[in-house]
Amino acid sequence: DYSGLYIIDPETGEIPNRIEDITADKLITVGNRLIIQTMGEIEIYNLETGKVEEIEPALKEFFSGLSKDQGEDQEMVMFATNTLAPGSDDSFYYADSTGLYRYQFGASEMEMIMNGNLCALGNPTSTPHTILELENNTFLILYVNTDSYSYSLKYYEYSKEASATPEKEIKVYALEDSNNLRVAIANFQTANPDYYVNLEIGMSGTDGVTASDAIT
């Protein structure tokens, strides 16, 4: 509730611990860890002590990079949706508009499972709501379709034959980034999975490049 998070023993009904002053958009448990997500950042608590755990270097680097990118481009934050899901073998999954990632505690980096540019994750109108890990590297992702206020469930499976990036490439150049542009690209790639759309933006808004400079 608004006063904090209560940890309840289901067998006795007792409350052995309470974590105060937390606000979570999403929370999951992995082993004895509680992982809380707020605005693209995470905090990790020990369920036995209720104390904050130090975030491992690979996680800290990954999420600080996300915060930096979002801070530099406020327009893109609107559809940089994200979600967490528990995994097997002391791991968890994180998804946003850039892709689906897996992290196993103790690892040296976040592993990208799916590139958001090549699936519905990169579509600004598809917000990932729930991720479910199935057997043999397969996943179900439930999306909220913000343009039609409906839900869609997509099934993903790993294939050794499939290329990480399609061999056919289309280059798209735009002076400024936009929601409509990314929706059009996402829809095209969904209908044409053998093509990769390489989007290049001329003016990021942070480097002082003008329209005439970019066109030149």
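Up top you'll find the structure we're talking about.
This text gives an overview of the structure that appears in the document. Everything numeric in this text was worked out from a predicted model, so none of it was measured.

So, how was this worked out
Residues numbered from 1 in each chain as written. Predicted model: local features only at pLDDT ≥ 70, side-chain atom pairs only at ≥ 80, totals over all residues. Heavy atoms only, no water. 1 Å grid on protein atoms, 1.4 Å probe; cavity = no way out; pocket = protein on both sides within 12 Å on 5 of 7 lines; lining within 4 Å. Points joined across faces, edges and corners; volume = space filled by probe spheres on them. Helix = DSSP H or I, 4+ residues; strand = E, 2+ residues; numbered from the N terminus. Nonpolar A, V, L, I, M, F, W, Y, C, P; charged D, E, K, R; others polar. Pairing = 2+ DSSP bridges. Axes fitted to C-alpha atoms, helices over the stretch in contact; angles between N-to-C directions.

**Digging into the layout of surface pockets**
Each pocket or cavity is described by its volume, and for the largest pocket that value is around 1000 Å³. Forming the walls of the largest pocket are 29 residues, and the residues nearest its centre are I113, M114, N115, Y156 and E157. Breaking the lining of the largest pocket down by element, the ones donating at least two residues are β9 (111-115), β12 (150-157) and α3 (179-191). Considering every element that reaches the lining of the largest pocket, the biggest residue donor is β9, with five residues. In terms of residue class, the lining of the largest pocket is built from 16 nonpolar, seven polar and six charged.

**Observations concerning the sheet that holds strand β10 (residues 126-133)**
Pairing in this open sheet of three strands is antiparallel, and the strands run β10-β11-β12 from one edge to the other. The sheet is open, and its two edges are formed by β10 and β12, each paired on a single side. Averaged over all neighbouring strand pairs, the angle between strand axes comes to 25°, with direction disregarded. Where β10 lies against strand β11 (residues 138-145), seven bridges are found, and the strand directions are antiparallel. Considered in β11, the bridge of P128 is made with Y143.

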